[in-house]
Amino acid sequence: MAPLLEIREARRSFVTPEGGRLAALDGVNLDVGANEFVTLLGPSGCGKTTLLRAISGFESLDSGTMRLDGADLTALPPFRRPVNTVFQSYALFGHMSVARNVGYALEVAGVARATREAQVAEVLEKVGLAGMGARRPGQLSGGQRQRVALARSIIAKPRLLLLDEPLSALDRNLRQQMQLELKSLQHALGIAFIFVTHDQEEALTMSDRIVVMRSGQIEQIGTPREIYRHPRNRFVAEFIGETNLFPVTIDRVEGAEALARTAEGVEMRLPGKDRRPGEQVTAILRPADFTLGGAGIPGRVTRAVYLGSDLYLFVQPLAGGPEIRVIARDGAGFDEGAAVHLAHDPARVHVLEAA
Amino acid sequence: MRNPIGWAGLTAFSLAFFAFIYAPLFVIIGYSFNSNPVNMMIWESFTLDWYTGLLGLSDRTTDVSNRAAYVESTGLMLAALRTSLTVALFTTTISTVIGTATAIALARYRFRLRGVYNGFLMLPMMMPDIVLGIGLLIFFVSIGMNLSILTIIIGHCTFLTSYVFIIVQARMAGLDPALEEASADLGASEWVTLRKVLLPQLAPGILGGALLAFVISMDDLVITYFVSGTGDTTLPVFIFGMIRRGVKPEINAIATLIILASVVIAALGLWLRSRKTD
Ligand SMILES: Nc1ncnc2c1ncn2[C@@H]1O[C@H](COP(=O)(O)OP(=O)(O)OP(=O)(O)O)[C@@H](O)[C@H]1O
Ligand SMILES: [Mg+2]
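No experiment lies behind these values; they were computed from the predicted model shown.

Student: Just checking my understanding: could you explain the overall build of chain A for this structure?
Tutor: Counting secondary structure elements, chain A contains nine helices and 20 strands. Dimensions along the principal axes, computed over C-alpha positions, put chain A at roughly 75 × 45 × 45 Å. Among the 355 residues that make up chain A, the fraction classed as buried is 48%. Separation of charge centres in chain A, based on 41 positive and 41 negative side chains, amounts to 6 Å.

Student: Looking at this structure, how should I read the site of ligand 1?
Tutor: All names here are of chain A. Lining the immediate environment of ligand 1, one finds Phe14, Leu22, Ala24, Ser44, Gly45, Cys46, Gly47, Lys48, Thr49, Thr50, Glu165 and His198. The separation between an oxygen atom of ligand 1 and a polar side-chain atom of serine 44 is 2.4 Å. The contact in question runs from an oxygen atom of ligand 1 to an N or O atom on the backbone of cysteine 46, over 3.2 Å. For ligand 1, whose unbound accessible area comes to 640 Å², protein coverage reaches 64%. Elements supplying a minimum of two residues to the shell around ligand 1: strand 2 (21-32) and helix 1 (48-56). Tallying contributions element by element places helix 1 first for the shell around ligand 1, with three residues.

Student: How do you make sense of the packing of helix 7 (residues 177-185) of chain B against helix 8 (residues 190-219) of chain B when you look at a structure like this?
Tutor: Helix-helix packing is characterised by the crossing angle of the two axes and by the distance between the axes. Residue and element names in this part refer to chain B. In the contact formed by helix 7 and helix 8, the axes pass within 10 Å of each other and the chain directions differ by 160 degrees. When the interaxial angle is binned, helix 7 and helix 8 end up roughly antiparallel. In this structure, helix 7 meets helix 8 at a crossing whose hand is right-handed. The segment helix 7 lies against helix 8, with Leu179, Glu180, Ser183 and Ala184 engaging Thr193, Val197, Leu198 and Gln201. Of the residues that constitute the contact of helix 7 with helix 8, the class distribution is four nonpolar, three polar and one charged.

Student: Whenever I open this one, the interface of chain B and chain A confuses me. Can you help?
Tutor: Interface size, as often reported, equals the accessible area lost upon joining of the parts. The interface of chain B with chain A comprises 19 residues on the first partner and 24 residues on the second. Together, B:Asp185, B:Leu186 and B:Lys196 form the three largest contributors to the area buried by chain B at its contact with chain A, with a combined 38%. For the pair chain B and chain A, the number of links is two salt bridges. Inspection of the region where chain B meets chain A yields eight residue pairs in polar contact (both at pLDDT 80 or more). Elements with a minimum of two residues in the side of chain B that touches chain A: helix 7 and helix 8 of chain B. At seven residues, helix 7 of chain B tops the list of elements feeding residues into the side of chain B that touches chain A. Taken together, the residues of the side of chain B that touches chain A break down into nine nonpolar, five polar and five charged.

Student: What is the right way to read the packing of aromatic side chains from this model?
Tutor: Geometrically, a pair of aromatic rings is defined through the distance of the ring centres and the angle of the planes. As enumerated under the stated definition, the model contains 14 aromatic pairs over all chains in all. Here the aromatic rings of A:Phe235 and A:Phe239 are separated by 5.7 Å at their centres, their planes lie at 15 degrees, and the arrangement is stacked. Of this pair, A:Phe235 and A:Phe239 are both found in helix 9 (residues 234-239), four residues apart, which corresponds to roughly one turn of the helix. Measuring from ring centre to ring centre gives 5.8 Å for B:Tyr225 and B:Phe240, while their planes differ by 90 degrees; the resulting arrangement is edge-to-face. Linking B:Tyr225 in helix 9 (residues 222-227) with B:Phe240 in helix 10 (residues 235-244), this pair joins segments that are 15 residues apart in sequence. Residue B:Phe240 is classed as partly exposed on the basis of its relative accessible area, which comes to 34%.

Student: Quick question: what am I supposed to make of the confidence of the model for chain A here?
Tutor: It should be kept in mind that the predicted coordinates are not to be read in detail where pLDDT is low. Scored by pLDDT, chain A has a mean of 90; 98% of the residues are at 70 or more. Averaged pLDDT values for the elements of chain A fall to 85 in strand 15 (residues 290-293) of chain A and rise to 96 in helix 2 (residues 98-102) of chain A.

Student: Is there a simple way to think about the environment of B:Tyr117 in this case?
Tutor: Here B:Tyr117 lies in helix 4 (residues 114-126). In this structure the C-alpha to C-alpha distance between B:Tyr117 and B:Leu106, which are 11 residues apart in sequence, comes to 8.7 Å.

Student: What exactly am I supposed to notice about the sheet that holds strand 1 (residues 5-15) of chain A here?
Tutor: The strands that make up a sheet pair up through hydrogen bonds in the backbone, lying either parallel or antiparallel. Residues and elements named next belong to chain A. On the basis of which strands lie adjacent, the open sheet formed by four strands has the order 2-1-4-5 and antiparallel pairing. A single partner strand is all that each edge strand has here, and the edge strands are strand 2 and strand 5 (71-72). By the bridge criterion, two bridges tie strand 4 (residues 63-68) to strand 5 in an arrangement that is antiparallel. Within strand 5, the residue paired with leucine 68 across the bridge is alanine 71.

Student: Help me understand the pattern of salt bridges in this model?
Tutor: Pairs can form between side chains of opposite charge once their charged atoms are near each other. Residue and element names in this part refer to chain A. Tallied over the entire structure, the rule returns 29 salt bridges over all chains. In this structure, aspartate 69 engages arginine 159 in a salt bridge whose closest nitrogen and oxygen atoms are separated by 2.2 Å. Of the two residues, aspartate 69 is situated in the loop between strand 4 and strand 5 and arginine 159 in the loop between helix 5 (142-154) and strand 7 (160-164); the sequence distance between them amounts to 90 residues. Its relative accessible area of 35% is what places arginine 159 among the partly exposed residues. A salt bridge links glutamate 279 to arginine 275, with the shortest nitrogen-to-oxygen separation between them at 3.0 Å. The same class applies to glutamate 279 as to arginine 275, namely buried.

Conventions used here
Just so you know, the residues in each chain are numbered from 1, in the order the chain's sequence is written. To read the labels, note that chains go from A and ligands from 1, taken in the order they are written. Given that this is a predicted model, residues contribute local features only at a pLDDT of at least 70 and side-chain atom pairs are listed and counted only at 80 or more, while totals for whole chains, interfaces and linings are drawn from all residues. To get the side-chain values, all heavy atoms of the structure are used, and hydrogens and water are removed first. A run of H or I in DSSP counts as a helix once it spans at least four residues, and a run of E counts as a strand once it spans at least two, with each numbered from the N terminus. Exposed residues in this analysis have more than 50% of their type's maximum accessible area, buried residues have under 20%, and partly exposed residues fall in between, with area computed by a 1.4 Å probe over protein chains only. As used throughout, the charge tally considers Lys and Arg to be positive and Asp and Glu to be negative, leaving His and the chain termini uncounted. Throughout, a charge is located at the NZ atom of Lys, the CZ atom of Arg, the CG atom of Asp or the CD atom of Glu. In these notes, residues near a molecule or strand are those with any non-hydrogen atom within 4 Å of it. In protein, a polar contact means a hydrogen-donor-capable atom and an acceptor-capable atom, both N or O and within 3.5 Å, with residues adjacent in sequence counting only if both atoms are side-chain atoms; elsewhere, any N or O pair within 3.5 Å suffices. In this description, accessible areas are obtained by the Shrake-Rupley approach with a 1.4 Å probe, and a residue is regarded as covered only by the protein chains that are shown. Fitting a line to C-alpha atoms yields each axis, with helices limited to the stretch in contact; the angle taken between N-to-C directions then spans 0 to 180 degrees. Roughly parallel here means an angle under 35 degrees, roughly antiparallel means over 145, roughly perpendicular means 65 to 115, and every remaining angle is called oblique. Crossings are assigned a handedness: left-handed for a near helix turned anticlockwise from the far helix by less than a right angle, right-handed for a clockwise turn. Contact between two residues is taken to exist if any of their heavy atoms lie within 4.5 Å; hydrogens are not considered. Amino acids outside the nonpolar list (Ala, Val, Leu, Ile, Met, Phe, Trp, Tyr, Cys, Pro) and the charged list (Asp, Glu, Lys, Arg) are all regarded as polar, and Gly is one of them. Here the quantity called buried area is the accessible surface, traced with a 1.4 Å probe, that two parts lose on coming together, added over both. Here a salt bridge means any side-chain nitrogen of Lys or Arg lying within 4 Å of a carboxyl oxygen belonging to Asp or Glu. Centres within 6.5 Å are what make two rings of Phe, Tyr or Trp a pair, Trp counting through its six-membered ring; a difference in plane orientation under 30 degrees is then read as stacked, over 60 as edge-to-face, and the rest as tilted. What pLDDT conveys is the predictor's confidence in a given residue, as a value from 0 to 100. Here, strands pair whenever DSSP counts at least two bridges between them.

Here you go:
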């Protein structure tokens, strides 16, 4: 099945005030399926907003193609693109009532008043704002404004909804609630969402697929699980979730296992597949992949932080090297200064070919 | 913390300050009801004669011996008022439209010499009125244009456009550009966006600019003095001419009416503004 949105070799650069050229989009290829929740994730300035604005038409491409349902998008002005946006600032029209804000797309399209009002009521109901149509945006809370912006952008039933950090202005609780609501709304509407965030936790919870970007390029596209368990490079590994990186040299391979050690002498066990002695690779282990036991890497706890039921430990390996971050499910008794052994299952180790 | 002496001093100072500003106005209002035709500074009794006299309805005039001439001068004054209002209405409309359009264009489109253009728009405001007046006069004469109500309107528009521009521009600068993008995103063409989003958002600024233009146009003396012909005179120019022939009690009545009109316009402006802001 052909994808809903197809972006090929999209490039866009800006002339910086310093006189140089900055590639905000540097050969981006992306396909988005008809009912997919795709998240653009990356550090500030990596080109997420630029990509979104190129899709909505507020930014032009220097080169490359964009097709929606097979039809060329690049030639269309923003107001003719069947794509709607939820702006980070919400961009609600302060001089209009909530109902008129929400019905704006229909008003502009010339839909009859009675039909419009019925649809506005329906959409307001859907986002949990039933009965608030008569208010002005200025009389709403931040979360309610966010819902109005959402309602306004889905009323015309776009094929694709673009959301640029829509939750960043909300407090943590509201944010988590909205994450779930957005996700179920997307399911119910059956339309594709492209969602921008630089909160990796948000990306992991909500997305069908995550697109990790860096300096105008896509580093990796994959499901949250793929991105988390099998990052393609150091950048992705470090950007998504807490990570321990061990540059190691393979000592020997014993069947399904490979034995390796860091320059400082910390010993690790890796999956043996495709490994050769003497090879230099990077081993990646998430904090939750360690178990505290009698065997494994010997170390000393330098800092212990309680995170609800879990215990978050910083462990200094006795052999030396950087501290290892560990989440212990049942970490009672491991206070600062305690001697521990960090054991790990070799199968949980993800190996990057480059050291 | 409160220092009673300091507070008393501050209160006294404030009262003195307001007295300084408003005393002349109250003096004029008081004089306009004084029936003494010879010396307005000596109170005789209360009268509305100077008001009714303005409309040619009273027998009591300063110049009883020459009633015909007096009625004529009242007619001239009403004609001047009519000219003033006509000029103000036209200039307000023209300068509001041009000033607003310019402010939008300068804020939303990038083009060459944008900064220079911006500077030139401020210039007429900085320029002394007398320079502007002489400049306009020389210009009209050299292109062979007869001085008339038209030259007054053109003259006023040259500097009032700048006032409107600056006020609308300030409002424009505070506007989130995402509003217009949101409108386009939801399917509105540029024209629809202008009508449904941009102009309503700018409305308080446009209204403020228009009121200011109206008041300044009604009030302008120096520039109008240069560019008005013998036929069409505005109220300020007419009053100026009257005063040069000695201050008559009718002047106080006119001044009081103008004060009243100004207060009404200012109140209207404030009311419209408070209605706009939620
Ligand atoms: N109009 C512009 N002119 C010049 N440079 C620009 C312009 N818009 C964006 N850039 C540059 O392009 C790069 C990408 O910007 P973009 O807004 O897409 O980043 P982002 O990923 O959305 O970042 P953030 O997470 O901070 O929102 C940045 O380095 C930015 O400085
Ligand atoms: Mg951004």
